Amino acid sequence: MTDIPQSTTRYINAARANFDQLTKLYASSGNLPCDQRVAFWKLGNTFDTMMDFLDVIDATSAPKISQMVIVQLNASLNCIKGGFDGAWFDDFGWWSVAAQRALQKPYFKSNLQPFQQILHECWVRFTSNAPFVWQRHKIGFFDQYGPAVEGGVWNAYWEHTSDMYPGPKNGDPSAGSLIGIQNTVTNALYFMAAHRIGKSDPNAAQAAQREFKFLMTWFDETNSSLWRTITTDAGLVRERAGHFAKSLPAGGFQTEWAWTGDQGLILGGLSDRMMSSDPIYRPPLLERLQALLRGISLRLAKNNNGVVRNYTEEGSVPDGDIGDYQVGSGVFWRNALHVWKTNPDLQRMLAQPEYQAIIRASADAALLAPVAGASFEQLTNQVAVLVAATAMLTQ
């Protein structure tokens, strides 16, 4: 931990307190009845945020954290019928991203083999199933619900899909529910994982390219675009694909509601793509990412005293699933910290007074939030923003 302004000491102390309590809840999750345990995907999401704490604040507990994560991952699988084969495909995205990142950390050197195994198990299941839901659907059922844009992924198989394929098969694309759809979180996670794994895996690199084209095409759709324009230079990403082939509307699509976690995943994933591209191809992606940050300022912070909220006030949480979507701000802050570290252009933008004020207001809110009695999700969000503020506040 270097070059930390003295004024952020209070954030460091609060991050430690939140991290300690979060670790206790993480470690004890497997002792609870299945209906009270932390979900498989949330363990992966929180592990990713814990690595930010280890990177920025203190890596002393890294060996203990790695063992805890492995134990709790296996415990959570025991609560999913079929284990790995019963998880939704986007669950594998959270763990693919986290495990790939863990393999880069020297402080986890004693557990590289288990993390390599986790990455293999999750990425193979993700990439071997999520892109093929339409291709593998049973002819005669949901035939009119083909994708409007090629190259994307779904979060689960549909009803009537052959049992030869692993994974849930209760998706109904006509229902407008959460399962069996092409939503932003699944596609953003797939792109992020494929791009990062693709640095050493040509097949993953090809998958990342297909997914990138899918996202860019959806952003430019004139009908039910994935991109919500707020002003000429600001926007947000919506929660799911807005229509099927032949412009058949997708149930559950909302023109105004947006999840902060989606904004973070798109921010982190497209920034990775931008920084890996030839500099002459970077300007359009930079413009998109700058517009995304402006959209977050206008719709997720400005109307909340500068504190980044978990989702927009407009619209409603899909299927009323507040429990899952309440981790949105933490996902955003983790990815904001990532681009701060890796993208000089976006770092300069985040160093501007408008965004520094948002970072500080969000961190101050976490500073005042209770630790004792806070939920697993609340603690994850609080650790994420406190760590980000420690690293990103310039004075």
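This one's a predicted model, so the numbers in the text were calculated from it and none came from an experiment.

1. What to know about the nonpolar core
By size, the foremost hydrophobic cluster in this structure holds 130 residues, and its most contacted members are Phe40, Phe47, Trp95 and Trp333. With 10 residues, the single largest contributor to this core is helix α14 (residues 376–392). Contacts of Trp333, omitting those with residues within four sequence positions, involve Val308, Ile358, Ile359, Ser362, Ala384, Val385 and Ala388.

2. Observations concerning the pattern of salt bridges
Oppositely charged side chains can form a pair if their charged atoms are brought close together. All chains considered together, the criterion is met by 20 salt bridges. Taking the shortest distance from any N to any O, the salt bridge between Asp55 and Lys341 comes out at 4.0 Å. Taken as a pair, Asp55 in helix α2 (residues 40–56) and Lys341 in helix α11 (residues 328–342) lie far apart in primary sequence, 286 residues in all. Overall, Asp55 belongs to the partly exposed group, its relative accessible area being 27%. Its salt-bridge partner being Arg309, residue Glu313 comes within 3.6 Å of it at the nearest N-O pair. Take Arg309: its relative accessible area is 18%, and that puts it in the buried class. Via salt bridges that share partners, Asp48, Asp52, Asp55, Arg101, Lys105, Arg334 and Lys341 belong to a single interconnected network.

3. Considerations on the environment of Ala87
Note on placement: Ala87 falls in the loop between α3 (62–77) and α4 (89–102). Exposure remark for Ala87: the relative accessible area of 2% places this residue in the buried category. In this structure, Ala87 is in contact with Phe40, Ile80, Phe92 and Pro168, ignoring residues within four places of it in sequence.

4. Details of the packing of aromatic side chains
Taken as a whole and judged by the stated rule, the model has 26 aromatic pairs. With a centroid separation of 6.3 Å and an interplanar angle of 70°, the aromatic rings of Phe142 and Tyr145 are classed as edge-to-face. With respect to burial, Phe142 and Tyr145 carry one shared label: buried. Grouping aromatic residues by their ring pairs yields a cluster made of Phe40, Phe47, Phe84, Phe92, Trp95, Tyr107, Phe108 and Phe115. The ring of Phe212 is capped by Arg273, whose NZ or CZ atom sits 3.8 Å from the centre of that ring.

5. Things to note about the state of the cysteines
A complete count under the given rule lists one disulfide for this structure. Residue pairing for Cys34: its cysteine sulfur links by disulfide to Cys79, the two sulfurs lying 2.0 Å apart. Between Cys34 and Cys79, the disulfide has an S-S torsion of -75° and is therefore left-handed. With Cys34 in the loop between α1 (9–28) and α2 and Cys79 in the loop between α3 and α4, this residue pair connects regions lying 45 residues apart in the sequence. Given the relative accessible area of 27%, Cys79 is considered partly exposed. Summary of cysteine pairing: Cys122 is not part of a disulfide, and the nearest cysteine sulfur, belonging to Cys79, is at 16 Å. The exposure class of Cys122 is buried, given its relative accessible area of 0%.

6. Some words on the packing of α2 against α11
Relative placement of two packed helices is described by the angle separating their axes and the distance separating the axes. Look at α2 against α11: their axes get within 10 Å of each other, and the N-to-C directions meet at 45°. Judged by the inter-axis angle, α2 sits oblique to α11. Handedness of the α2/α11 crossing: left-handed. When α2 is examined against α11, the residues Asn45, Asp48, Thr49, Asp52, Asp55 and Val56 are found in contact with a partner set consisting of Gly330, Val331, Arg334, Leu337 and Lys341. Considered class by class, the residues forming the contact of α2 with α11 number three nonpolar, three polar and five charged.

7. Regarding the pairing of strand β2 (residues 234–237)
Here β2 shows no split at all, with Ala234 and Leu236 on one side and Gly235 and Val237 on the other all buried. The sheet contact formed by strand β1 (residues 227–231) and β2 spans four bridges and is antiparallel. Bridge pairing in β2 places Arg228 opposite Leu236. Once β1 ends, the chain turns through two residues before running back antiparallel as β2.

8. Overview of the environment of Asn31
Relative to the assigned elements, Asn31 resides in the loop between α1 and α2. Each C-alpha atom of the pair Asn31 and Gln72 lies 9.5 Å from the other, and the pair is 41 residues apart in sequence.

9. Notes on unusual backbone geometry
Positive phi, normally seen in glycine, also occurs at Phe142, with a value near 60°. We classify Phe142 as buried; its relative accessible area is 14%. Its identity as a non-glycine residue notwithstanding, Asp319 has a phi of 55°, on the positive side. Tracing the sequence through the fold places Asp319 in the loop between α9 (282–301) and α10 (322–325).

Parameters and conventions
Per chain, residue numbering runs from 1 following the sequence as it is written. At least 70 in pLDDT is required for a residue's local features to be given in this predicted model, at least 80 for side-chain atom pairs to be given and counted, and no such filter applies to totals for whole chains, interfaces and linings, which use all residues. As a convention, hydrogens and water are excluded, and side-chain values are obtained from all of the structure's heavy atoms. Note on terminology: a nonpolar core comprises buried Ala, Val, Leu, Ile, Met, Phe, Trp, Tyr and Cys residues joined through side-chain atoms within 4.5 Å. Exposed residues in this analysis have more than 50% of their type's maximum accessible area, buried residues have under 20%, and partly exposed residues fall in between, with area computed by a 1.4 Å probe over protein chains only. Helix numbering and strand numbering both begin at the N terminus, where a helix is a DSSP run of H or I of at least 4 residues and a strand a DSSP run of E of at least 2. Any pair of residues with heavy atoms lying within 4.5 Å of one another is described as a contacting pair. We define a salt bridge as a side-chain nitrogen of Lys or Arg found within 4 Å of a carboxyl oxygen belonging to Asp or Glu. Ring pairs shown here join Phe, Tyr and Trp side chains whose ring centres sit within 6.5 Å, with only the six-membered ring taken for Trp; geometry is labelled stacked below 30 degrees between planes, edge-to-face above 60, and tilted in between. Placement of a positive charge over a ring is assigned whenever Lys NZ or Arg CZ falls within 6 Å of the ring centre and within 35 degrees of the normal to the ring plane. Any pair of cysteine sulfurs within 2.5 Å is marked as a disulfide. Angles shown run from 0 to 180 degrees and are taken between the N-to-C directions of axes, each axis being a line fitted to C-alpha atoms and, for helices, limited to the stretch in contact. Note on terminology: angles under 35 degrees are roughly parallel, angles over 145 are roughly antiparallel, angles of 65 to 115 are roughly perpendicular, and the others are oblique. Helix crossings are classified by the rotation of the near helix relative to the far one: an anticlockwise turn of less than a right angle makes the crossing left-handed, while a clockwise turn makes it right-handed. As a working rule, the residues Ala, Val, Leu, Ile, Met, Phe, Trp, Tyr, Cys and Pro are called nonpolar, Asp, Glu, Lys and Arg charged, and the rest polar, with Gly in that last group. Pairs of strands are assigned from DSSP output, requiring at least two bridges between the strands.

Without other data, these values stay purely geometric and don't point to any function.
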